[in-house]
Amino acid sequence: MLTTLKTSYTDTRAADLAWALGRDPLPALAVLDLELSGAKLQLRLLGASHQVLLEEADRSCSETVACMPGSSTPLPLGVSKRVGEWEYEFAARVETLTQGSFAGRAQELLALVADHPHGLAGTFPGSPHAFTAMLAQRHEGQVRWRTWHAYPQEGQLVVTRTRIGARMPATL
């Protein structure tokens, strides 16, 4: 699903993003509710950021990547931790692209997410390449999602990848 976000594009930077687990739901500009093989997932666009709420059986988890005033947890390159009975893994990277490459990558990502049944993307009025996009899936008993946060004024794209699910047995 592709939507135009009803807010003005503010000059945020990729470096302003912070990460948090367990935050309460924040006001969202767009929401997509999904049912993935018994897991309830809510993808939430918060402007130039995202929040994912996951519920399955008697467990829940929330992930927030946003410009959060007063946050002391910057966007990490990677996190691996237990959340109750789940294993949670998060990874982030920042891609810096030329203006031409950025426009092409933005169009490619928006096309991928816009028509996907488990995708949500929001563009900002006045800047066609300023967007936040999310794509979720269920694979081998785990819920996974990827996000893209575009900052065209910097030529930067923040890409995150999350996996959460039952602890996987070690393989020899």
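One can find the structure itself at the top, above this paragraph.
Structural notes, computed from the coordinates. This is a predicted model, so every value here is computed, not measured.

Once that is clear, we can look at the pairing of strand 8 (residues 86–96). Both strand 7 (residues 78–83) and strand 8 contribute to a ladder of 6 bridges, which runs antiparallel. Bridged to Ser 80 within strand 8 is Glu 89. Hairpin connection from strand 7 to strand 8: 2 residues lie between these consecutive antiparallel strands, with Gly 84 at a positive phi of about 65°. Note that strand 8 and strand 12 (residues 156–166) share 11 bridges and pair antiparallel. Following the sheet pairing, Val 94 is matched in strand 12 by Val 158.

Looking now at unusual backbone geometry. Unusually for a residue other than glycine, Ala 57 sits at a positive phi of about 55°. Structurally, Ala 57 is set in the loop between strand 5 (50–56) and strand 6 (59–66). Here Ala 57 falls in the exposed class, since its relative accessible area comes to 74%. Its identity as a non-glycine residue notwithstanding, Glu 140 has a phi of 50°, on the positive side.

With that settled, the discussion passes to the environment of Glu 140. Looking at where Glu 140 falls in the secondary structure, it is placed in the loop between strand 10 (127–139) and strand 11 (142–151). Given the relative accessible area of 60%, Glu 140 is considered exposed. For the pair Glu 140 and Asp 33, spaced 107 residues apart in the sequence, the C-alpha separation amounts to 21 Å.

Time to look at the sheet that holds strand 5. Note: strands within a sheet are paired through backbone hydrogen bonds, in either parallel or antiparallel orientation. Reading across the sheet, the 5 strands line up as 2-6-5-4-3 and stay open at both edges, with antiparallel pairing between neighbours. Where the open sheet ends on each side, the last strands, each with one partner, are strand 2 (18–21) and strand 3 (30–36). The mean inter-strand angle of the sheet, taken between neighbouring strand axes irrespective of direction, is 10°. Strand direction decides the pairing type here: strand 4 (residues 39–45) and strand 5, joined by 6 bridges, are antiparallel. Bridge pairing links Arg 44 to Gln 51 in strand 5.

Inspection of the secondary structure assignment puts His 50 in strand 5. Overall, His 50 belongs to the buried group, its relative accessible area being 0%. Separated by 2.8 Å, the side chains of His 50 and Glu 63 make a polar contact. For His 50, the side chain forms a polar contact with the side chain of His 149, separated by 3.0 Å. If sequence neighbours within four positions are ignored, His 50 has contacts with Arg 44, Glu 63, Thr 64, Val 65, Met 134, Trp 145, Thr 147, His 149 and Thr 160.

Conventions and cut-offs
- Residues numbered from 1 in each chain as written.
- Predicted model: local features only at pLDDT ≥ 70, side-chain atom pairs only at ≥ 80, totals over all residues.
- Heavy atoms only, no water.
- Pairing = 2+ DSSP bridges.
- Helix = DSSP H or I, 4+ residues; strand = E, 2+ residues; numbered from the N terminus.
- Buried < 20%, exposed > 50% of the residue type's maximum accessible area, 1.4 Å probe, protein only.
- Axes fitted to C-alpha atoms, helices over the stretch in contact; angles between N-to-C directions.
- Polar contact = N/O pair within 3.5 Å; in protein donor to acceptor, adjacent residues only side chain to side chain.
- Contact = heavy atoms within 4.5 Å.

By themselves, these figures tell us nothing about what the structure is for.
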